[in-house]
Amino acid sequence: MTPRKLNVLVYNGAGTTVESVKHAIYSLRRLLAPNYAVIPVTDAVLLKEPWAPSCALLVFPGGADLGYCRALNGEGNSIISRYVRRGGRYLGFCAGAYYGCQRCEFEVGNRPMEVIGSRELAFFPGTCRGGAFKGFQYNSEKGARAVRIRVREAAFQGASGVPEVVTSYYNGGGTFVDANDPNHDVEVLASYDDKIDVDGGTENAAVVYCRVGQGAAILTGPHPEFAPANLSPHYDVDGYDELIASLRAGDGNRVSFLKACLAKLGLEVSQESSGVPSLSRLHLSSLVSSNLDDLLYAWEEIISKEDGEEYIRAEHDTFHLERPETRWSMGQLKETLPPNENTTELTTPSSAADEAMIDYTTVVKHITTHGDAWPEAKATPYFNHHAFFSSLREYRKGEADAEEWGDFLMYGEVVTSTNTMLEKNFKLLSRLPSGFTLTATTQVAGRGRGSNVWVSPAGSLLMSTVINHPAHLAASRPIVFIQYLAAVATVQAIKSYDAGYEELPVRLKWPNDIYARDPRVEGDSSSSSSSAYVKIGGLLSNCAYSDGAYQVVLGLGINVSNARPTTSLDALLPAHLAPFRIEKLAARVLTRLEALYKAFARSGFTRELERAYYDEWLHGGQVVSLEAEGGARARIVGITRDWGMLRAEELGRDDDRPTGRTWALQSDENSFDFFKGLVRRKI
């Protein structure tokens, strides 16, 4: 079974504009979550990293395509072309559409702006000619307009709700000349309904679908990814208010058309557009409620009092501390709402008629401190604090070293990122004890390896825990091993969740990803072949230094009950076992992690801990190829005990017999696959 491709990559390198990238990412995340991770990538990533195997769609947004050419002509375009021709998908908006054609003709005769020339990708085997409408100016809205495009419904056979006419934002895009040429394997998806200012042939094609080898590309002159909610007023541009009003009136058709285009490219589109959720309150509590005062006392130096209210103004976020009995002040509620740029009034994003991009760093985060009792169920309907703390107590009975971690818990139904809120606010982080945990039901800006995001719909366990690792231990107990301990703790926690869960097919992938056997794969359920496993979670570790200790923020995201984007823990369960409870699983992870960490702090990465890691991993005997070493092959036999790199024995060129040389392998730190781009050093 071929692994499902989960990444939608949006180019944001040389030639792009910030606004075009933002609009593309916003709309794609809204339409494709939770089925895909929408990730911005630079030209360096496209040139050097193994992005293609996990890429469902490569997107080139608006900008200036000469910048794309300068960065990617030659090797880069060869990689992109090979990806598409082997079954990949490409979506080009405006400049990205010019770039995907065989020939670009832009503003011919207008010497300061004229661009004429061939293009290497040539997905559309003809000319893209523009601007289709006069008036375009770089870095300006003066040439922007709302254009009508007429949709060829026959091109979307089987799709429902495809509109006949779409009103779309336009600023400089072209038309695809003679797109109906029978010698071209091209379908016209939509044509300009308004009279254009260049010769577009008989069709005046605005959007085209091109079959390219085993893959496909959609190229569009207009910008159907531009949502009117994200367009700011331009008082210096005549008629701009009317432009926004026109786009707002037809926004439903725009969204439906963009959905249809994504579906035609083979992507699984969300049935309903994912809204932009408002950030929720954070609820701070303790296993022993009265102990919360001790934590708040430790924060005393960073709390400022303003008009009788208490704030922590940290480096990245501002937090407002409040008691349960005071949290319904209307003045305080307003602080949680971002301003509407058009009216300067405050509006709740989730209730707005059309939801705009939000800078969440400007939104005050409210922390309700529960010093008398745990939060009531009606205050946190998606997280039961009683279930969490009760499970924590119960699991500690079987873990001699599990004594403190999880005592202090902060929960939010909707947060930006559990890791960001701790790691980026050093003023707060430096005053948190080991085991302090922040958990959430939904993240709106979750983080993964490199530039990746971990798709985190409801039904995922999302948590970040603070570990204060003494500096004097760092030499003999390297911090790098903490992520390995966390991966082991997560897998062991799942398998020791309760009686009957021991044989669940969950493993870890070096260094810190969590994989499960895909229940959709036919065959022996006990098979340990790595190809039968899919990623269901991962860990992210960030580190800072304060007052003689390295402060590690260890983030975990794992699919518990949701089936997207891969599979879930619940999908692995036989019928007689109860579904996982996120609160109980979080407690089990914390008790296992605390016990493993304390053993590590006492004795280092012992043989016992090393065996525990190997017991759960996918890689025993796996053979890898080292592209940087001319395709040399090696068999993985373990990890090194100094820095946790892969330990491998070199194999002969003509057979699998060991040569006697042993290597340490480390990743080139690409964002997609640690096993692509491995580099070696001899040991």
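Structure: above.
All of the points below concern the structure found in this document. Values in this document were obtained by computation on a predicted structure and should not be read as measured data.

On to the overall build of the protein. Of the regular secondary structure elements, the protein holds 15 helices and 30 strands. Burial analysis of the protein (683 residues in total) assigns 57% to the buried set. Across the protein, every contact between residues at least 6 apart in sequence was considered, and the portion connecting residues at least 24 apart equals 69%. Put simply, the protein shows about 28400 Å² of open surface, and 47% of that area lies on carbon and sulfur atoms.

What follows is about the pattern of salt bridges. Counting across every chain of the model gives 34 salt bridges. Two residues, Glu19 and Lys22, come together in a salt bridge whose shortest N-O distance is 3.5 Å. With a gap of three residues between them, Glu19 and Lys22 both fall in helix 1 (residues 18–32), about one helical turn apart. Classification of Glu19 by relative accessible area gives partly exposed; the value is 40%. Between Glu399 and Arg588 there is a salt bridge; the shortest N-O distance is 3.2 Å. Of this pair, Glu399 sits in the loop between helix 10 (385–396) and strand 19 (408–415) while Arg588 sits in helix 14 (residues 582–603); the two residues are 189 residues apart in sequence, bridging distant segments of the chain. Of the residues examined, Glu399 reaches a relative accessible area of 9% and is grouped as buried. Given a relative accessible area of 8%, Arg588 falls into the buried group. When salt bridges with common partners are traced through the structure, they connect Asp185, Glu187, Arg211 and Lys264 into a single cluster.

Secondary-structure assignment places Arg396 in helix 10. Among the residues examined, Arg396 registers a relative accessible area of 15% and is labelled buried. If near-sequence neighbours (up to four positions away) are discounted, Arg396 is found in contact with Leu287, Ala402, Glu403, Glu404, Trp405, Gly406, Asp407 and Thr591.

Burial analysis of strand 23 (residues 513–517) places five of its five residues in the buried class, which makes it a mostly covered element. What you see with strand 23 is no split at all: Asp513, Tyr515 and Arg517 on one side and Ile514 and Ala516 on the other are buried throughout. Connecting the antiparallel pair strand 22 (residues 506–509) and strand 23 is a turn made up of three residues.

Here we come to empty space enclosed by the protein. Counted according to the given criterion, the structure contains three cavities of 30 Å³ or more. When its volume is computed, the largest cavity comes out at roughly 70 Å³. Taken together, Met463, Thr465, Ala486, Ala489, Thr490, Leu539, Leu554, Gly555, Leu556, Val589 and Leu593 make up the full set of residues lining the largest cavity. For the lining of the largest cavity, the elements supplying multiple residues, two or more each, are strand 21 (460–470), helix 13 (480–495), strand 25 (549–559) and helix 14. Residue classes in the lining of the largest cavity are distributed as eight nonpolar, three polar and no charged.

Look at the link from Gly130 to Gly131: it is a cis peptide, with omega at -10 degrees. Mapped onto the elements of the fold, Gly131 is located in the loop between strand 7 (124–130) and strand 8 (145–151). One non-glycine residue with positive phi stands out, namely Glu107, at about 50 degrees. Tracing the chain through its elements places Glu107 in the loop between strand 5 (101–106) and strand 6 (115–118). A positive phi angle, close to 50 degrees, is found at Asp547, a residue other than glycine. In this fold, Asp547 is placed in the loop between strand 24 (533–546) and strand 25.

Core analysis: the largest hydrophobic core is formed by 69 residues, its most contacted members being Leu569 and Phe580. Of the residues forming this core, the biggest block, eleven residues, is contributed by helix 13. When sequence neighbours within four positions are dropped, the list of residues in contact with Phe580 reads Ile494, Tyr497, Tyr501, Leu504, Val560, Leu569, Asp570, Leu573 and Leu585. Listed in part, the 44 residues of the second largest apolar core include Tyr11, Tyr90, Met113 and Leu121.

So, on to the sheet that holds strand 20 (residues 437–443). Pairing in this open sheet of twelve strands is mixed, and the strands run 15-16-17-18-14-19-20-21-25-24-23-22 from one edge to the other. Both edges of this open sheet fall to strand 15 (303–306) and strand 22, since each of them pairs with a single strand only. The average angle at which neighbouring strand axes cross in this sheet is 25 degrees, direction not considered. With five bridges connecting them, strand 14 (residues 282–286) and strand 19 associate as antiparallel partners.

Bringing helix 15 (residues 607–616) into the picture now. When helix 15 is considered as a whole, its buried residues turn out to be Leu609, Glu610, Ala612, Tyr613 and Glu616. Summarising the axial view, the buried residues of helix 15 lie within an arc of 155 degrees, below the 170-degree limit, and thus occupy one face. With respect to the buried face of helix 15, the exposed residues turned more than 90 degrees away are Arg607, Glu608, Arg611 and Asp615.

Turning our eyes to something else, we now look at the environment of Glu306. If you trace the backbone, Glu306 turns up in strand 15. Separated by 3.0 Å, the side chains of Glu306 and Ser304 make a polar contact.

With 16 residues, helix 13 ought to run about 22 Å at 1.5 Å a step, and its terminal C-alpha atoms sit 24 Å apart, in line with that. Extensive coverage of helix 13 is indicated by the burial of 15 of its 16 residues.

Once that is clear, we can look at the packing of aromatic side chains. The tally for this structure, following the rule as stated, stands at 35 aromatic pairs. On the basis of an interplanar angle of 25 degrees and a centroid distance of 4.9 Å, the ring pair of Trp374 and Phe389 is categorised as stacked. Here Trp374, found in the loop between strand 18 (365–369) and helix 10, pairs with Phe389, found in helix 10; they are 15 residues apart in sequence, far enough to count as distant. Accessibility expressed as a relative area gives 21% for Trp374, which makes it partly exposed. Relative accessible area serves as the criterion here: at 0%, Phe389 is assigned to the buried category. Geometrically, the ring pair formed by Tyr497 and Tyr501 is edge-to-face, given 5.1 Å between the ring centres and 65 degrees between the ring planes. Since its relative accessible area comes to 4%, Tyr501 is described here as buried. An aromatic cluster is built from Trp405, Phe481, Tyr484, Tyr597, Phe600, Phe605, Tyr613, Tyr614 and Trp617, whose rings are joined through pairwise contacts. Arg313 extends its terminal NZ or CZ atom over the ring of Tyr311, reaching a point 4.8 Å from the ring centre. The ring of Tyr497 has Lys584 sitting right over it, with the charged end atom 4.6 Å from the ring centre.

Next up on the list: the packing of helix 10 against helix 14. Where helix 10 meets helix 14, the closest approach of the two axes is 8 Å, and the angle between their N-to-C directions is 40 degrees. Handedness of the helix 10/helix 14 crossing: right-handed. For the pair helix 10 and helix 14, contact is made by Ala387, Phe388, Ser391, Leu392, Tyr395 and Arg396 and by Glu583, Lys584, Ala586, Ala587, Arg588, Leu590 and Thr591, respectively. Broken down by class, the residue content of the contact of helix 10 with helix 14 amounts to seven nonpolar, two polar and four charged.

Reading the values: rules and limits
- Residues numbered from 1 in each chain as written.
- Predicted model: local features only at pLDDT ≥ 70, side-chain atom pairs only at ≥ 80, totals over all residues.
- Heavy atoms only, no water.
- Helix = DSSP H or I, 4+ residues; strand = E, 2+ residues; numbered from the N terminus.
- Buried < 20%, exposed > 50% of the residue type's maximum accessible area, 1.4 Å probe, protein only.
- Contact = heavy atoms within 4.5 Å.
- Areas by Shrake-Rupley, 256 points an atom, 1.4 Å probe, with all protein chains shown as cover.
- Salt bridge = Lys/Arg side-chain N within 4 Å of Asp/Glu carboxyl O.
- Pairing = 2+ DSSP bridges.
- 1 Å grid on protein atoms, 1.4 Å probe; cavity = no way out; pocket = protein on both sides within 12 Å on 5 of 7 lines; lining within 4 Å.
- Points joined across faces, edges and corners; volume = space filled by probe spheres on them.
- Nonpolar A, V, L, I, M, F, W, Y, C, P; charged D, E, K, R; others polar.
- Core = buried A, V, L, I, M, F, W, Y, C linked by side-chain atoms within 4.5 Å.
- Axes fitted to C-alpha atoms, helices over the stretch in contact; angles between N-to-C directions.
- Arc of directions from axis to C-beta.
- Polar contact = N/O pair within 3.5 Å; in protein donor to acceptor, adjacent residues only side chain to side chain.
- Expected span 1.5 Å × (residues − 1).
- Phe/Tyr/Trp six-rings, centres within 6.5 Å; stacked < 30°, edge-to-face > 60°.
- Lys NZ or Arg CZ within 6 Å of the ring centre and 35° of its normal.
- Left-handed = near helix turned anticlockwise from the far one by under 90°.

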